[in-house]
Amino acid sequence: MVRRRDPALTRPPDRTLDDSVEEGARFGAALSTGDFNGDGYADLAVGSPYDYDTDFQQGRVYVYFGSASGLGASPGWIGAGSQAGEHYGTSLAGTGDIDGDGFSDLVVGAPDYDKPAGPLFSILDCGRVFVHRGGPTAPHLEARGATLEGWGNDRFGAAVAHVGDVDGDGHSDIGIGSPTYSDLLGTEGRAAVHAGSAQGLKPQPLWTQDGLESKSQFGAALCGAGDVNGDGLDDVLVGAPFEDSFSGVDAGRARLYLGPLPAGATPFRSPAGSLASSEAGAALANAGDLNGDGWSDFLIGAPAHDGLGLAQLHLGAFGIGRLHFTAAARPPGLT
Ligand SMILES: [Ca+2]
Ligand SMILES: [Ca+2]
Ligand SMILES: [Ca+2]
Ligand SMILES: [Ca+2]
């Protein structure tokens, strides 16, 4: 329970950014950092998925470069979608070097991209993901970059994350969620990991896993969990916020998969929400090593738990069976 307010958290913000060009742009819907120009200062990427570029709701991403005097006064790079309503910038992942050249690479999801299927038809909401590689020469990020596309009405790229190096080859690997992917069950969702390489992100996935229940939306959130079991390989956490459990309908669940993928196909842990309609797994985060024991820790958000929302902290530990739930907090100020 958080009761005491830290003065550093209640003072006015040091900087406020608002460079979007469209009313209702949803500027700030996604945020990520990385060092895209390799100068040692972190840079900030801000998603604005309903922004105008050359057409309605194409979406934009604004990158502010860091320096000794703080963030730049205006965006140093702006990326944009190229199809109306594709919502480029819904998801972002910036902290990772996919091609191993020393510069962070920016991954952007556009989950509402429609794939043309003949002269008259499109497959709605296939989704696509852009990989803009960082580099030393201004404007430091590729204008368009490579793209990967979903197959059906998947919303491929609704979630993207640098998941660390899950196959141990030294390149950062990327997790991509497709929460409305349907195979045998219907809207069970899918998570995929694409491996990095010297040539960039590999188009064929290293690993895929489908949801285990209809409408569970597995892949609505995913993140790199760090190395929770201390074997030197990074591990991946995937949320299914509308999965049912013994706790009830839509309790939600997160599944933790251990590297090396694809060998680690059976989840190591699958913590579920503790009440119906908790939607556990709607948000996930790598918590670093919060208790300083050397093992990576992670957080699971259950935003509809008991009508209030809940965040759970799970501590990593050596060996199977030592990973345990340790803390839960309601929003500050509520008892
Ligand atoms: Ca930088
Ligand atoms: Ca790179
Ligand atoms: Ca790798
Ligand atoms: Ca591991």
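This structure is a prediction, so every number in the text was calculated from the model and none was measured.

A. Expanded view of the overall build of the protein. Across its full length, the protein holds 1 helix and 21 strands. The globule rule puts the C-alpha radius of gyration for 335 residues at 20 Å, and the 20 Å found for the protein is close to it. Split into buried and exposed, the 335 residues of the protein put 51% on the buried side.

B. Layout of the pairing of strand β16 (residues 235-240). The buried count for β16 comes to 6 of 6 residues, which makes it a mostly enclosed element. Residues Asp235, Leu237 and Gly239 of β16 are buried on one face, and the alternating residues Val236, Val238 and Ala240, pointing to the opposite face, are buried as well. As judged from the 5 bridges shared by β16 and strand β17 (residues 253-257), these two strands associate in the antiparallel manner. Bridge pairing in β17 places Ala240 opposite Arg253.

C. Structural detail: unusual backbone geometry. Residue Pro139 is bonded to the preceding Ala138 through a cis peptide linkage, with omega at 5°. The topology assignment puts Pro139 in the loop between β9 (128-132) and β10 (146-149). Residue Pro262 follows Leu261 across a cis peptide bond; omega there is 10°. Relative to the assigned elements, Pro262 resides in the loop between β17 and β18 (283-286). A positive phi angle, near 55°, is found at Arg155, a position not held by glycine. Assignment of secondary structure puts Arg155 in the loop between β10 and β11 (159-162). Even without being glycine, Gln217 reaches a positive phi, approximately 55°. Mapping Gln217 onto the fold places it in the loop between β14 (207-210) and β15 (221-226).

Here is what the cut-offs are and how they apply
Residues numbered from 1 in each chain as written. Chains lettered and ligands numbered in written order. Predicted model: local features only at pLDDT ≥ 70, side-chain atom pairs only at ≥ 80, totals over all residues. Helix = DSSP H or I, 4+ residues; strand = E, 2+ residues; numbered from the N terminus. Rg over C-alpha atoms; globule rule 2.2 N^0.38 Å. Buried ≥ 20, exposed ≤ 12 C-beta atoms within 10 Å, placed from the backbone. Pairing = 2+ DSSP bridges.

The values are spatial; any link to function lies outside them.
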